[in-house]
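# Structure at a glance
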Protein chains: 2
Amino acid sequence: MINVIYGSTEEGKKYLDNLRDREESVQKDVINTVKEILEDIKENRNEALIKYINKFDSENVNKNNILVSKEEIEQAYEIVDKEFLDAIKLAAENIEFFHEKQKRNSWMITKEKRVMLGQNIRALENVGIYVPGGTAAYPSSVLMNAIPAKVAGVENIVMVTPPSKDGSINPNILVAADIAGVKKIYKVGGAQAIGALAFGTESINKVDKIVGPGNIYVAMAKKSVYGYVDIDMIAGPSEILIIADESGNPEYIAADLMSQAEHDRLASSVLVTTSKELAEKVKKELAKQVEALSRKDIILDSLKNYGVIIVVNNLKEAINMSNEIAPEHLEVCIENPFLALGEIKNAGSIFLGSYSPEPLGDYIAGPNHVLPTSGTARFFSPLSVDDFVKKSSFIYYSKEALFDVGNKIIKLADTEGLTAHANSIAVRMK
Amino acid sequence: MINVIYGSTEEGKKYLDNLRDREESVQKDVINTVKEILEDIKENRNEALIKYINKFDSENVNKNNILVSKEEIEQAYEIVDKEFLDAIKLAAENIEFFHEKQKRNSWMITKEKRVMLGQNIRALENVGIYVPGGTAAYPSSVLMNAIPAKVAGVENIVMVTPPSKDGSINPNILVAADIAGVKKIYKVGGAQAIGALAFGTESINKVDKIVGPGNIYVAMAKKSVYGYVDIDMIAGPSEILIIADESGNPEYIAADLMSQAEHDRLASSVLVTTSKELAEKVKKELAKQVEALSRKDIILDSLKNYGVIIVVNNLKEAINMSNEIAPEHLEVCIENPFLALGEIKNAGSIFLGSYSPEPLGDYIAGPNHVLPTSGTARFFSPLSVDDFVKKSSFIYYSKEALFDVGNKIIKLADTEGLTAHANSIAVRMK
C-alpha cells in the first residue's frame, strides 16, 4: 500500500521529484467554456448570470432571491447541530485571535529638512469568497477565507456558493459565513460566480479580490480574471510530510498520514524517519486503521501513488529532505521539536510534537489552513491578513530638501535618457 | 494636444474608463516562441541557453564567459561617470534606509496549557532579477528590484541581462548591480533567461522568484513559469494623476505630466483640478515645454491619446475620481496636501506638495518605484521587502490542550465527512 525506501537523501529526493508533476491537466473544452461564460457575464450581466444558475444548479433561483435572506440565515441557525455550532464558534474565535496578531500599522519616518516618507496600509474595500457546494462544502474553509479579510478591515465581504437543486444553501455554510462576518451571500457558483464578482452585475457588485477554493472551472475562471481583480493562489494537490525519530508514535503518525491521504487521490503523505522500526510499525498501523475509515478507497489510492516512507540516517538528512520538498503541512514528531524550528526553511504550516496533529490546524488552533501546496512553500505563504491589505508609499520633500538632491536626480534621469524626468526637477530649480 | 474636460466626475470617469483598455494585445506567435524556448531550456539546459544567446544577442558569449567576471565589474567602476556613481550611491542608500523600515520579525504567542502559536518569517533563498538591455537599461530599476531582496535577507541575488553584440554589459548596470548587492550577473536576456532562472542550467542555478521588467517575450515567459517559481506583478502601461487646486504651479505640473508621458505611447497623464484657470495655464505650459524635450514625439502621442485635464467642482470630487482610477503615481498639489492623505484609498505612490515630483520618487527618495499600474493599486502594492519573504505558521499543543478541544475537532471533521481527520484526533484521545 505504501512504499518504504531505505535510502539516502538522494534516492528519496528522486522519488519525490515526481510529486511536482501531480498537476491535473486542464482540458481545452474547460478553457473554452470558461471563456464563453465570462464574456457572457461581462456583457449580459444578470441576464446571463441567472441563465447559468438555472442551467447548472437550480431553476428556483432568480434575481429576486439570488441574495440569501436574513430569514434563511436565521433558519439555518435553528437547523444546525448545536455541537457543531459550538465548535465552529470556538474555531472562529481562535482564528480571529491568531489573525489579529498579523495586523500592521501604517507608518512614517521623518528626515531632516522636513522630509517625510511612509507607507499607508489599508484594507481592500471589497472581497468575494468562493465556497464550493455539494460534498466539498466545508464550513471550516469559510472561516479560514473570511476571517482574515474581516480582521484586515475589509468593509464588504461577500460570498458566492452554488445552490442545491431546490435553491437552498447548506445551513452549516450559512452559519459559518454569518459568524465569519460575511455581509452578503449569493446563490451562484462556477465560472459565472467568478465572472459576476470580477465584472459586477445588477445584483452583485464587483470586488477587488476573489479568494477560496473551487473546481477546475472556478480555478480557470479565477486565472482568467487575475489582474483585473486580485486572486489568491490556485491550490494544487496537497501534502503532509512527517519527520519522526524513534520517539514517534506509529499509531498517531499513521492516522495523520491518512488524514491527508483522504483528501483526494493526488494527495501525498510522506514520512521521513530515522527509525527503521518506526517505519515498519507505521506501515502496519496504516493497514490496520484504514479499514475503519469511510474514505478507504481514496486513502489506499493516494498512499499507493504518492505516499512514501523514507528511512534516513539522521535528523539533519530528514530536515534537508523536508526543505527540498517544501511541504504544505509539516509535522515534527521528535524528542524536542522546538529545536528543529530554526532549521525548517520551507513549509506552509509546522506542527510541533505528538499532540499537534494536522487536523488541529485544519480546524481549531487558529493559524490559517489555506496553505501553499506542491512545493510552493519555497516562496508562497499561508493566507493571512496581509493578503487583504494594499500599501501606498508617500513622499513629502520640502523645497530645500529637493534642492539638495536635485542635481543628482537630473544626473540619473539624463543617464537613462529620460529628459522630461530631468526637466521636472529643472523647472523647480530655476 | 491634450483634452480639457469641464465636467462632472461622471463625464470624467467615462473618459477614463478607456484607460483600462490600454493593454497591448499579445500575438499568438509570441506565445508560441516563448513556449518553445522555455521547453528547450528545460530539456537542453546550457546547450539551448548558449544557442539562444548567440542567436539573439551576441556570438561572443559562451558557457565560460556567461558569468560577468570580477574584472568586468572593476572595469565598469573605472568607466562610469563619477557624478552618476555618486548619485546612484545616494539613491541606493536612501532606498535601503526606507526598505529597512519594512522588515518584520517572526513572532509567537503563548496561550494557557503550554500552547504556542506563531509565524516564522524568512527571506527567500534565491532571487533572480531581470534587467532589460539596450535603451531600456535603467540602473535605477536595478536598485529598486535588488535592494528590497537584499534587505529581506535573500542570500543569493542573481541578475540576468542581455549583452550587447560584442558580449559586454552596460557599465552603469554593472555598477548599480554591484552596489545593490547582486551576487552574480549573467549575460543572457529574453525568454531564455527566464527559463534558465526557473528551471536551472549547468551555468545558472534555479531561483525561487523572478522580478524585474522586460519586453513582451520576457513578460510572457514570466507568466508561463509562475507557480513553478514566484514572479512579481507584470506591469501594464503606467500613469500619473495630479490633483491640484488653484495653488498649483502650472509650470511644475506640466513638467510632471510630461515626465510620465515620455515613458511610452500608452502612458497616461491626468490632471484633475478645481481651477479652470490652472487647467488653461497647464495646457499652455505643456505646449511650451515640450519643444525642448528629446522624447517630444512620444510625449505628444501619449498626451493626445491618454492625457486629459479634468476640471471638477471641488477637492472631494477630485479625490473620488483619483480613488476610482487608482493611479500608479499620484501627485497632490494642493494647499495642505497632508490633509488629503486619509482620503486617498487607491494609489501606488503618493507625492505630497509642489516639491515632491514623481522623478524624486523614481530615483532618489527611497520608496520603491516598482508600483501597481493600470488601476491595480486597488489591490496591489509597491514592491517591498514583503515580496522577498515567505511565512510559515507553527503550532504546538500539549496533550492537555489537545484534549480540551479534541471533541470539537472531531465534530467539525465529521460534519465535513472527513473521518480520517476525526480519526487522527480519536487515536490520541483513547
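Within any chain, residue numbers begin from 1 and follow the written order of that chain's sequence. The lettering of chains begins at A and the numbering of ligands begins at 1, in the order of writing. Where totals are concerned, whole chains, interfaces and linings use all residues; where local detail is concerned, this predicted model gives features only for residues with pLDDT of at least 70, and gives and counts side-chain atom pairs only at 80 or more. Derived side-chain values reflect all non-hydrogen atoms in the structure, with water molecules and hydrogen atoms excluded from consideration.

## Some points on the overall build of chain A
Basically, it comes down to this: Starting at the N terminus, helices and strands are each numbered in turn, a helix being any DSSP run of H or I of at least four residues and a strand any DSSP run of E of at least two. For every residue, the accessible area obtained with a 1.4 Å probe (protein chains only) is divided by the maximum for its type, and the residue is called buried under 20%, exposed over 50%, and partly exposed between those limits. Any pair of residues with heavy atoms lying within 4.5 Å of one another is described as a contacting pair. For this count, His and the chain ends are skipped, Lys and Arg are scored as positive, and Asp and Glu as negative. Here the site of a charge means atom NZ of a Lys, CZ of an Arg, CG of an Asp or CD of a Glu.
Scanning chain A for helices and strands turns up 15 helices and 14 strands. With the C-alpha coordinates aligned to their principal axes, the bounding extent of chain A is approximately 85 × 60 × 45 Å. Expressed as a percentage of the 430 residues in chain A, the buried residues total 61%. Here the contacts in chain A between residues at least 6 apart in sequence split such that 75% fall between residues at least 24 apart. Across chain A, the centroid of the 49 positively charged side chains sits 8 Å from that of the 60 negatively charged ones.

## Observations regarding the domain arrangement of chain A
Here is the rule we go by: Domain boundaries shown here were taken from an automatic or database domain assignment.
Considered domain by domain, chain A is made up of domain 1 (3-23 + 237-365), domain 2 (28-231) and domain 3 (398-429). With centres defined by C-alpha atoms, the gap from domain 1 of chain A to domain 3 of chain A works out at 58 Å.

## Some words on the pattern of salt bridges
Going by this rule: Here, a salt bridge means any side-chain nitrogen of Lys or Arg that lies within 4 Å of a carboxyl oxygen of Asp or Glu.
Here the structure, examined in full by the defined rule, presents 40 salt bridges over all chains. One salt bridge in this structure joins Lys 113 of chain A and Asp 404 of chain A, with 2.6 Å as the shortest N-O distance. On the criterion of sequence distance, the pair formed by Lys 113 of chain A in the loop between strand S2 (107-111) and strand S3 (115-123) and Asp 404 of chain A in helix H14 (residues 399-415) is long-range, its members being 291 residues apart. Lys 113 of chain A sits in the partly exposed class, given a relative accessible area of 40%. Judged by relative accessible area, which is 49%, Asp 404 of chain A ranks as partly exposed. Linked through salt bridges whose partners overlap, the residues forming this network are Arg 104 and Lys 391 of chain A together with Asp 386 of chain B.

## A word on the interface of chain A and chain B
This is how the line gets drawn: Polar contact is defined as a pair of N or O atoms within 3.5 Å, subject to the rule that within protein one atom must be able to donate a hydrogen and the other to accept it, and that residues adjacent in sequence are counted only when both atoms are side-chain atoms. Residue polarity is assigned by list, with Asp, Glu, Lys and Arg as charged and Ala, Val, Leu, Ile, Met, Phe, Trp, Tyr, Cys and Pro as nonpolar; anything else, Gly included, falls into the polar class.
Tallying the contact residues gives 118 residues for chain A and 118 residues for chain B. Connecting chain A to chain B are 14 salt bridges. We note a salt bridge from Asp 208 of chain A to Arg 378 of chain B, for which the minimum N-O separation is 2.9 Å. Run the count over chain A and chain B and you get 63 residue pairs in polar contact (both at pLDDT 80 or more). Looking at the side of chain A that touches chain B residue by residue, the classes come out as 57 nonpolar, 31 polar and 30 charged.

## As for the UniProt feature "binding site: Zn(2+)" (unreviewed entry) in chain A
Residues and elements named next belong to chain A. Counted only if it meets this: UniProt positions are given in the numbering used here, feature names are shortened, and annotations may be inferred rather than shown by experiment.
Listed under "binding site: Zn(2+)" (unreviewed entry) in the UniProt record, and renumbered for this structure, are Gln 260, His 263, Asp 362 and His 421. In terms of the greatest pairwise C-alpha distance, the residues named above, spread along 162 residues, do not form a single cluster, extending to 55.9 Å across. Take His 263: its relative accessible area is 27%, and that puts it in the partly exposed class. Along the chain, the position of His 421 falls in helix H15 (residues 419-429).

## Some details on the UniProt feature "binding site: NAD(+)" (unreviewed entry) in chain A
Residues and elements named next belong to chain A. Following the UniProt record, the feature "binding site: NAD(+)" (unreviewed entry) maps to Tyr 130, Gln 192 and Asn 215 here. A maximum C-alpha distance of 12.6 Å is found for the annotated residues, which run over 86 residues; spatially they form one tight group. Within the element layout of this structure, Tyr 130 appears in strand S4 (residues 126-130). In this structure Tyr 130 comes out as buried when scored by relative accessible area, which is 3%. In this structure Tyr 130 touches Val 160, Pro 162, Gly 189, Gly 190, Ala 193, Ile 194, Val 211, Gly 212, Pro 213, Gly 214 and Val 218, once residues within four positions along its chain are discounted. Of the polar contacts made by the side chain of Tyr 130, one reaches the backbone nitrogen of Gly 190; its length is 2.7 Å.

## What about the pairing of strand S14 (residues 389-396) of chain B?
Our working rule: Criterion used throughout: strands pair if DSSP finds at least two bridges between them.
Burial of S14 of chain B is extensive: eight of the eight residues sit out of reach of the surface. Alternating residues of S14 of chain B divide into Val 389, Lys 391, Ser 393 and Ile 395 of chain B and Lys 390, Ser 392, Phe 394 and Tyr 396 of chain B, and every residue in both groups is buried. Sheet topology places strand S13 (residues 349-352) of chain A next to S14 of chain B; four bridges connect them, and they run parallel. Counterpart to Ser 349 of chain A in the pairing with S14 of chain B is Ser 393 of chain B. Pairing geometry for strand S3 (residues 115-123) of chain B and S14 of chain B, over eight bridges, is antiparallel. Residue pairing in the sheet places Leu 117 of chain B in a bridge with Ile 395 of chain B of S14 of chain B.

## Points about the relation of the copies chain A and chain B
Heads up, the rule is: Residues below a pLDDT of 70 in either copy are left out; the C-alpha atoms of the rest, at least 70 in both, set the least-squares superposition of the copies.
Rotating chain A by 180° about the axis while translating it 0.0 Å along that axis superimposes it on chain B, leaving an RMSD of 0.0 Å. Both copies of the chain, as the preceding transformation shows, are related through a two-fold rotation axis. Same-surface contact between copies: 100% of interface residues of chain A are shared with the interface of chain B.

## Overview of the environment of Val 218 of chain B
Residue and element names in this part refer to chain B. Positionally, Val 218 belongs in helix H8 (residues 216-225). Residue Val 218 is classed as buried on the basis of its relative accessible area, which comes to 0%. Those residues in contact with Val 218, other than ones at most four positions away along the chain, are Tyr 130, Gly 190 and Ile 194.

## Points about the packing of helix H2 (residues 28-56) of chain A against helix H8 (residues 216-225) of chain A
To describe two helices that pack against each other, one gives the angle between their axes and the distance between the axes. Residue and element names in this part refer to chain A. Quick reminder of the rule: Lines fitted to C-alpha atoms define the axes, with helix axes restricted to the stretch in contact, and inter-axis angles between N-to-C directions lie between 0 and 180 degrees. Working rule for angles: under 35 degrees goes down as roughly parallel, over 145 as roughly antiparallel, 65 to 115 as roughly perpendicular, anything else as oblique. We call a crossing left-handed when the near helix sits turned anticlockwise from the far one by less than a right angle, and right-handed when that turn is clockwise.
Their axes nearest at 9 Å, the elements H2 and H8 cross at an angle of 60°. With respect to each other, H2 and H8 are oriented oblique. For H2 against H8, the interelement crossing comes out right-handed. Seen from H2, the contacting residues are Val 30, Ile 31, Thr 33, Val 34 and Leu 38; seen from H8, they are Ile 216, Tyr 217, Met 220, Ala 221, Ser 224 and Val 225.

## Examining the sheet that holds strand S7 (residues 209-211) of chain B
All names here are of chain B. Read across the open sheet, the five strands follow the order S6-S5-S4-S7-S8; overall the sheet is parallel. On the outer flanks of this sheet lie strand S6 (184-187) and strand S8 (230-231), each paired with one strand and no other. Note that S7 and S8 share two bridges and pair parallel. Opposite Ile 210, over in S8, you have Ile 231 as the bridge partner.

## A few points about the packing of aromatic side chains
Cut-off, in case you're wondering: Two aromatic rings from Phe, Tyr or Trp, using only the six-membered ring of Trp, form a pair when their centres are within 6.5 Å; if the ring planes differ by under 30 degrees the pair is stacked, by over 60 it is edge-to-face, and anything between is tilted. Consider the ring centre and the ring normal. A charge sits over the ring if Lys NZ or Arg CZ is within 6 Å of that centre and within 35 degrees of that normal.
Scanning the entire structure with this criterion turns up 14 aromatic pairs over all chains. Aromatic rings pair up to connect Tyr 226 of chain A together with Phe 379 and Phe 380 of chain B into one cluster. Directly above the ring of Phe 388 of chain A sits Lys 209 of chain A, whose terminal nitrogen or CZ lies 5.6 Å from the centroid.

## Thoughts on helix H11 (residues 296-306) of chain A
Stated formally: Arc, as used here, means the arc of the directions from the helix axis to the C-beta atoms.
Among the residues of H11 of chain A, Ile 298, Ile 299, Ser 302 and Leu 303 of chain A are the ones counted as buried. Take H11 of chain A and look down its axis: the buried residues cluster within an arc of 125°, on one side only. Facing away from the buried side of H11 of chain A by more than 90 degrees, the exposed set consists of Asp 297 and Lys 304 of chain A. Buried-residue contacts for H11 of chain A involve helix H9 (250-261), strand S10 (268-273) and helix H10 (276-290) of chain A together with helix H15 (419-429) of chain B.

## Here's the deal with the sheet that holds strand S8 (residues 230-231) of chain A
Residues and elements named next belong to chain A. The strand order across the open sheet formed by five strands is S6-S5-S4-S7-S8, and the pairing between neighbours is parallel. One side of each edge strand has no neighbouring strand; the edge strands of this open sheet are strand S6 (184-187) and S8. When strand S5 (residues 156-161) meets S6, the two strands line up parallel, connected through four bridges. Bridge pairing in S6 places Thr 161 opposite Lys 187.

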